[in-house]
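# Fold and contact review
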Amino acid sequence: KQEVTQIPAALSVPEGENLVLNCSFTDSAIYNLQWFRQDPGKGLTSLLLIQSSQREQTSGRLNASLDKSSGRSTLYIAASQPGDSATYLCAVTLARASGGSYIPTFGRGTSLIVHP
Amino acid sequence: DVKVTQSSRYLVKRTGEKVFLECVQDMDHENMFWYRQDPGLGLRLIYFSYDVKMKEKGDIPEGYSVSREKKERFSLILESASTNQTSMYLCASTPWGTHYEQYFGPGTRLTVT
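Residues numbered from 1 in each chain as written. Chains lettered and ligands numbered in written order. Predicted model: local features only at pLDDT ≥ 70, side-chain atom pairs only at ≥ 80, totals over all residues. Heavy atoms only, no water.

Looking only at helices and strands, chain A has 0 helices and 11 strands in total. Secondary structure elements of chain A occur, N-terminal to C-terminal, as β-β-β-β-β-β-β-β-β-β-β. A compact globule built from 116 residues should have a C-alpha radius of gyration of about 13 Å, and chain A, at 14 Å, falls within 12% of that. In terms of its C-alpha atoms, chain A occupies a principal-axis envelope of roughly 45 × 30 × 20 Å. Taking all 116 residues of chain A together, 46% fall into the buried category. For chain A, the proportion of contacts with a sequence separation of at least 24, taken over those separated by at least 6, is 57%. Carbon together with sulfur atoms contributes 48% to the accessible area of chain A, which is approximately 5300 Å² in total. When the 9 positive and 8 negative side-chain charges of chain A are each reduced to one mean point, those points stand 7 Å apart. (Helix = DSSP H or I, 4+ residues; strand = E, 2+ residues; numbered from the N terminus. Rg over C-alpha atoms; globule rule 2.2 N^0.38 Å. Buried < 20%, exposed > 50% of the residue type's maximum accessible area, 1.4 Å probe, protein only. Contact = heavy atoms within 4.5 Å. Areas by Shrake-Rupley, 256 points an atom, 1.4 Å probe, with all protein chains shown as cover. Lys, Arg positive; Asp, Glu negative; His and termini not counted. Charge placed at Lys NZ, Arg CZ, Asp CG, Glu CD.)

Dropping the structure here:
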């Protein structure tokens, strides 16, 4: 069974720092990997989706990389801002269907606080 | 933009009541999912559906049922609500195809007293 681990569980940084969030997974036969942001009491907002054949994706100050062979993905946030404070989750979808769908496995998330 | 909506943001029900949580997506997605999210436990899959009238159990289906009569709507039913079903409930949808990207609704915070 796929296991997804996110380290660290919590992170507090001053504004302006560049930071890296980590996601590791045990089964490398993945279909894709998706990074989400979740604000307190809200749903998940998709940030980046990396297909199995891709090495990285970028959106603004965010860059996500994927290394299937080592079972790792990183989310890089450049020049962090207080508005980046949220929980960041990664979800890994295996390349084999369960029932009639591909089912993602979620990590527990990294809770990020960026203080002014 | 894909939009996934959930019928209520907050809901308070009494033990033993039958509870309906509705989820609607507007992008013709084939796959729909219901999760619950609890502190320290992360997201757990309750049920999913890959087509109209098709449903599959997830990791924690006990105490829940689902209905998908139309492609855009996926309902989660708590047959007899209990206090241990107090949680945040999240609905998601995904299209088939190369991008298979999950889109989430805003969530329903359910409290059972």
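So, about the nonpolar core. Counting 23 residues, the largest nonpolar core has L33(A), W35(A), L75(A) and I77(A) as the members making the most contacts within it. Secondary-structure elements contributing two or more residues to this core are β3 (19-25), β4 (30-38), β5 (44-51), β7 (62-67), β8 (72-77), β9 (86-94) and β11 (110-115) of chain A. For this core, the leading source of residues is β9(A), giving 5 residues. The next biggest cluster of nonpolar side chains, apart from the first, holds 20 residues, and it includes L21(B), W34(B), Y47(B) and F74(B). (Core = buried A, V, L, I, M, F, W, Y, C linked by side-chain atoms within 4.5 Å.)

Next up on the list: the interface of chain A and chain B. Taken together, the contact between chain A and chain B spans 23 residues of the former and 26 residues of the latter. Summed over both partners, the interface of chain A with chain B buries about 1900 Å², with 56% contributed by carbon and sulfur atoms. Scanning the region where chain A abuts chain B turns up 0 salt bridges. For the interface between chain A and chain B, the tally reads 8 residue pairs in polar contact (both at pLDDT 80 or more). Contributions of two or more residues to the side of chain A that touches chain B are made by β4, β5, β9 and β10 (104-106) of chain A. Here the element with the most residues in the side of chain A that touches chain B is β4(A); it accounts for 5 residues. A per-class count over the side of chain A that touches chain B returns 9 nonpolar, 12 polar and 2 charged. (Buried area = accessible area lost by both parts, 1.4 Å probe. Salt bridge = Lys/Arg side-chain N within 4 Å of Asp/Glu carboxyl O. Polar contact = N/O pair within 3.5 Å; in protein donor to acceptor, adjacent residues only side chain to side chain. Nonpolar A, V, L, I, M, F, W, Y, C, P; charged D, E, K, R; others polar.)

Residue and element names in this part refer to chain B. With antiparallel pairing, 4 strands are arranged side by side in an open sheet as β1-β3-β8-β7. Two strands bound the open sheet, and with one partner strand each, they are β1 (4-6) and β7 (64-70). Looking at each pair of strands side by side, their axes are set apart by 20° on average, direction ignored. (Pairing = 2+ DSSP bridges. Axes fitted to C-alpha atoms, helices over the stretch in contact; angles between N-to-C directions.)

Turning our eyes to something else, we now look at the sheet that holds strand β1 (residues 4-7) of chain A. All names here are of chain A. The sheet built from 5 strands is open, its strands ordered β1-β3-β8-β7-β6 with antiparallel pairing. Only two strands of the sheet have a single partner each, and these edge strands are β1 and β6 (56-59). The average angle at which neighbouring strand axes cross in this sheet is 15°, direction not considered. Taken together, the 4 bridges between β6 and β7 define a ladder with antiparallel strand orientation. Bridge assignment links T58 to a residue of β7, and that residue is N63.

Residue and element names in this part refer to chain B. As for its position among the elements, K53 is in the loop between β5 (42-51) and β6 (54-57). The exposure class assigned to K53 is exposed, which follows from its relative accessible area of 55%. Along the sequence, K53 and E22 sit 31 residues apart, while their C-alpha atoms lie 15 Å from each other. Those residues within four positions of K53 in sequence are excluded, and the remaining contacts are R68 and E69. Polar side-chain contacts of K53 include one of 2.4 Å to the side chain of E69.

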